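Residue-level structural notes
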Amino acid sequence: MLRAIGTGYDAWGDEGTKDLFRVVNEIIFTVSLPLAGCQLFTRDPKDVKELMDIFARLEEGSTPSALIFPWIPTPTRFRRIIAGLRLYRMMKNLVKERESAEVDVDDPLQNLINEYLIPRYGTCSATILFAAVANTANLFAWTLVYLEHHREWKNRLRSEIELFLQDTGLAASDNLERDMADIPLSVIDEKLQVIELVMNEVLWLQSSGPFVRRNIGDPITIDGVHIPAGAFIMFPAADLHRNEELFPAPEVFDPTRFSPENIARRKEFGTSFIGWGASRHPCVGKRAALLEVKMMTILLMAKYHFELVDTAKSPLLVIPAVKVDRLFKVCGPVEPVNIRFRRRNSTSVETACH
Ligand code: HEM
């Protein structure tokens, strides 16, 4: 993971300006391929590009209306079907190649081959990639946007990372991605709490749209309401996330909302935060996502001086509007946000955020 992140950043070059959400998405896509059992695709950048294009098309076709009225033959729906076929073909070739190589590797693809579950491989990998990429990439990018507007938190984060690098001996490293791989994940978890608070606050802000579910089982009755088979149910996350009894002063950016004490205080109300899902199907990738974002942040700060700018390359003065045409995910901004960066000469993050 660290190597893929480092290589992704290095590909930016020494200085420049790039579309933040796009470039972050590219890195997280590559990082997530092994998580979805598709590490073989990372051998060839052409395959990675092809897969990214397929996923962009699949996502384009995942609008709320496409979900609720799947029989309407729109051009995006047609492109989605073609993309599904391209994905199937790529996965099929991969399975064939692995089967003919006759090697026993401990990865998700091999497990599915061993369990004779190959037909599920494409669906399985695609589901994990869908769950993993857009949410993590957009959450990381939004976290940078909010930090740009809340310098006190950016400074706290920078101090925390500096301390982490000193305590772990990484401050003297000339190859951070290589040497950080020796640090136990529990140490990264434990020593990087500020970024976790900020991420949860940003997720809380960004995940207040509707969660849509379809009853694919038998008809059920909940609290006296009859839900027929096939019916859609919509739950507005804002009902919880904007409830001032649970989250006082929602207009203030306050990551301490997610401190252990405040989380404990909300426990008496039952489920209050559903940014990571809830109940029987919470996010299984939460820890991976938190680690990815922590590593992305450390390496970005260690490698580059950076600031965020708007499309006219002026400092980003307002938090951009969110594109809300997709379901189930942390969406991107309506207008692109750019990152202007210049490579640093040493690992210290002391001045990295100026
Ligand atoms: C910031 C990043 C992420 C966010 C905000 C997020 C959020 C969520 C949410 C809200 C759900 C519940 C959806 C539902 O109720 O149907 C969910 C489920 C899931 N997530 Fe994540 N996720 C993130 C990253 C990841 C990553 C990195 C992975 C995989 C490596 C992942 C894998 C999954 C899977 C497999 C499920 C389905 C669990 C189930 O149905 O039992 N997620 N995620």
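As a starting point, this report considers the structure included with it. Model, not experiment: these values are computed from the prediction.

A few words on the environment of proline 108. As for its placement among the helices and strands, proline 108 is situated in helix H6 (residues 108-114). For proline 108 and arginine 3, which are 105 residues apart along the polypeptide, the C-alpha to C-alpha distance reads 20 Å.

Attention shifts here to the site of the ligand. Residues in contact with the ligand amount to 20 residues; listed here are only the nearest, Arg213, Gly277, His281, Cys283 and Val284. Here an oxygen atom of the ligand sits 2.6 Å away from a polar atom, N or O, in the side chain of arginine 213. Measuring from an oxygen atom of the ligand, one finds a side-chain N or O atom of histidine 281 at 2.8 Å. Taken together, the elements giving at least two residues each to the shell around the ligand come down to helix H7 (121-149) and strand E2 (210-214). Considering each element in turn, the shell around the ligand owes the most residues, 6 residues, to H7.

Of the protein atoms, Cys283 (SG) alone serves as a donor to the iron atom of the ligand, at 2.3 Å. By the element assignment, cysteine 283 lies in the loop between helix H13 (260-267) and helix H14 (286-303).

So, on to H14. If you check H14, its first and last C-alpha atoms are 26 Å apart, about what 18 residues at 1.5 Å a residue would give, namely 26 Å. Counting buried positions along H14 yields 15 of 18 residues, so the element is predominantly enclosed.

What follows concerns the sheet that holds strand E7 (residues 338-343). The strand order E1-E7-E6 describes an open sheet built from 3 strands, whose pairing is antiparallel. Strand pairing shows two members of the sheet lacking a second neighbour, strand E1 (15-19) and strand E6 (304-309), which therefore form its edges. Between one strand axis and the next, the sheet turns through 20° on average, direction left out of account.

For the structure shown, the criterion picks out 12 aromatic pairs. With a centroid separation of 5.1 Å and an interplanar angle of 70°, the aromatic rings of phenylalanine 21 and tryptophan 142 are classed as edge-to-face. Taken together, the residues span a long stretch of sequence, with phenylalanine 21 in helix H2 (residues 20-35) and tryptophan 142 in helix H7 at a distance of 121 residues. The class for phenylalanine 21 is buried, based on a relative accessible area of 8%.

This paragraph deals with the nonpolar core. Judged by nonpolar contacts, the single largest core of 68 residues is most densely connected at Tyr9, Trp12, Leu20, Phe164 and Leu300. In contact with leucine 300, other than residues within four places in its own chain, are Tyr9, Trp12, Phe140, Leu144, Phe306 and Ile339. Of all hydrophobic cores here, the second largest spans 20 residues; its members include Phe41, Leu58, Leu87 and Val95.

Reading the values: rules and limits
Residues numbered from 1 in each chain as written. Predicted model: local features only at pLDDT ≥ 70, side-chain atom pairs only at ≥ 80, totals over all residues. Heavy atoms only, no water. Helix = DSSP H or I, 4+ residues; strand = E, 2+ residues; numbered from the N terminus. Near = heavy atom within 4 Å. Polar contact = N/O pair within 3.5 Å; in protein donor to acceptor, adjacent residues only side chain to side chain. Donors = N, O, S within 2.8 Å, 3.2 Å for Na, K, Ca; no water. Expected span 1.5 Å × (residues − 1). Buried < 20%, exposed > 50% of the residue type's maximum accessible area, 1.4 Å probe, protein only. Pairing = 2+ DSSP bridges. Axes fitted to C-alpha atoms, helices over the stretch in contact; angles between N-to-C directions. Phe/Tyr/Trp six-rings, centres within 6.5 Å; stacked < 30°, edge-to-face > 60°. Core = buried A, V, L, I, M, F, W, Y, C linked by side-chain atoms within 4.5 Å. Contact = heavy atoms within 4.5 Å.

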